[in-house]
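Take a look at the letters that make up each chain.
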Amino acid sequence: YPGGVDRLWTAFDRDTTGTVSFLEFSPRSALLLAQFKHWITKQFGNSQKLFQALDEDRSGSVTYREFASGCERLGCPSELRESVPMLFSLIDSDTGGGAVSTPSSSRRPHTISPDEMVFFERWRPLAYLWEDPDFEALERFREALCAKYHGNALLAWRRALDKDSSMRISYDEFVVQSKA
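These numbers come from a predicted model, not from an experiment.

Asks: Outline the overall build of the chain, supporting the account with residue identities and numerical values.
Replies: On a plain count of helices and strands, the chain comes out with twelve helices and two strands. When the helices and strands of the chain are placed in sequence order, the string is α-α-α-α-β-α-α-α-β-α-α-α-α-α. Against the globule reference of 16 Å for 180 residues, the chain gives a C-alpha radius of gyration of 21 Å, more extended than a compact globule. When burial is assessed residue by residue, the chain has 28% of its 180 residues classed as buried. The long-range share in the chain, meaning contacts at least 24 apart out of those at least 6 apart in sequence, stands at 47%. Carbon and sulfur atoms form 54% of the exposed surface of the chain, whose accessible area is close to 11,800 Å².

Asks: Outline the pattern of salt bridges, listing residues and values.
Replies: If you walk through the whole model with that rule in mind, you get three salt bridges. Here R65 ties to E56 by a salt bridge, and the two come within 3.5 Å at their closest N and O atoms. On the accessibility criterion, R65 (46% relative accessible area) is partly exposed. Judged by relative accessible area, E56 falls into the partly exposed class, the value being 35%.

Asks: Which residues make up the confidence of the model for the chain, and what values go with them?
Replies: Overall, the prediction assigns the chain a mean pLDDT of 88, with 92% of residues at 70 or greater. By mean pLDDT, helix α2 (residues 22-25) is the weakest element of the chain at 87, and helix α4 (residues 47-54) is the strongest at 97. Taken together, the stretch residues 103-107 has pLDDT below 50 and engages in four contacts with residues farther than four places along the chain or on a different chain.

Asks: Pulling in residues and values, what's your account of the side chain of D13?
Replies: For D13, the location among the structural elements is in the loop between α1 (5-12) and α2. Buried charge without a partner: D13 forms no salt bridge, and the closest opposite charge is R168, 7.4 Å away. Looking at D13, its side chain comes within polar contact range of the main-chain nitrogen of G18, at 2.8 Å. Beyond its immediate stretch of four places on either side in the chain, D13 contacts G18, T19, V20 and E24.

Calculation rules
- Residues numbered from 1 in each chain as written.
- Predicted model: local features only at pLDDT ≥ 70, side-chain atom pairs only at ≥ 80, totals over all residues.
- Heavy atoms only, no water.
- Helix = DSSP H or I, 4+ residues; strand = E, 2+ residues; numbered from the N terminus.
- Rg over C-alpha atoms; globule rule 2.2 N^0.38 Å.
- Buried < 20%, exposed > 50% of the residue type's maximum accessible area, 1.4 Å probe, protein only.
- Contact = heavy atoms within 4.5 Å.
- Areas by Shrake-Rupley, 256 points an atom, 1.4 Å probe, with all protein chains shown as cover.
- Salt bridge = Lys/Arg side-chain N within 4 Å of Asp/Glu carboxyl O.
- pLDDT = per-residue confidence, 0-100.
- Lys, Arg positive; Asp, Glu negative; His and termini not counted.
- Polar contact = N/O pair within 3.5 Å; in protein donor to acceptor, adjacent residues only side chain to side chain.

Encoded structure:
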């Protein structure tokens with residue numbers, strides 16, 4: 001990259017943690033993969049069991065056709081089925097981020113191997129990535145917290161949530177403080 005690397009990093013590292021997550025790099029892809037991993041874990045226990053269920057011809061690889069039909073046959077949530085081509089492309093490291101070979105395309109068919117599914121076992125996305133937001137609960141939470149501190153939002157923030165006065169809290173800190 002020929003531009004200002006520091007400015008580029010600042011754009012990536014929006015939470016100023018000094019690290020960049022896939023969520024910061026590609027939010028839509030990260031959310032999609034987190035939802036897919038959640039479905040895998042709930043339905044199959046792990047990605048290798050899903051792979052076995054998708055590999056209809058027992059070839060040791062999964063084609064796009066097997067992946068797409070398997071996702072539907074195995075009960076993949078409808079909101080994920082709309083993104084099957086993108087999911088396949090994200091998992092298949094050989095696509096290079098390009099288009100996948102759908103049954104109607106003339107490209108050499110890409111496949112997913114068991115090794116390409118292993119990252120699902122190592123990746124630990126936080127639960128909030130697959131939960132639907134509850135904006136009504138958020139408003140009730142804010143109102144209750146502010147009421148406890150006589151309507152002073154800053155006081156509520158600093159005393160109830162931001163225990164280290166950094167003016168930011170992590171998900172883990174939020175979980176602990178919201179239960180206190």
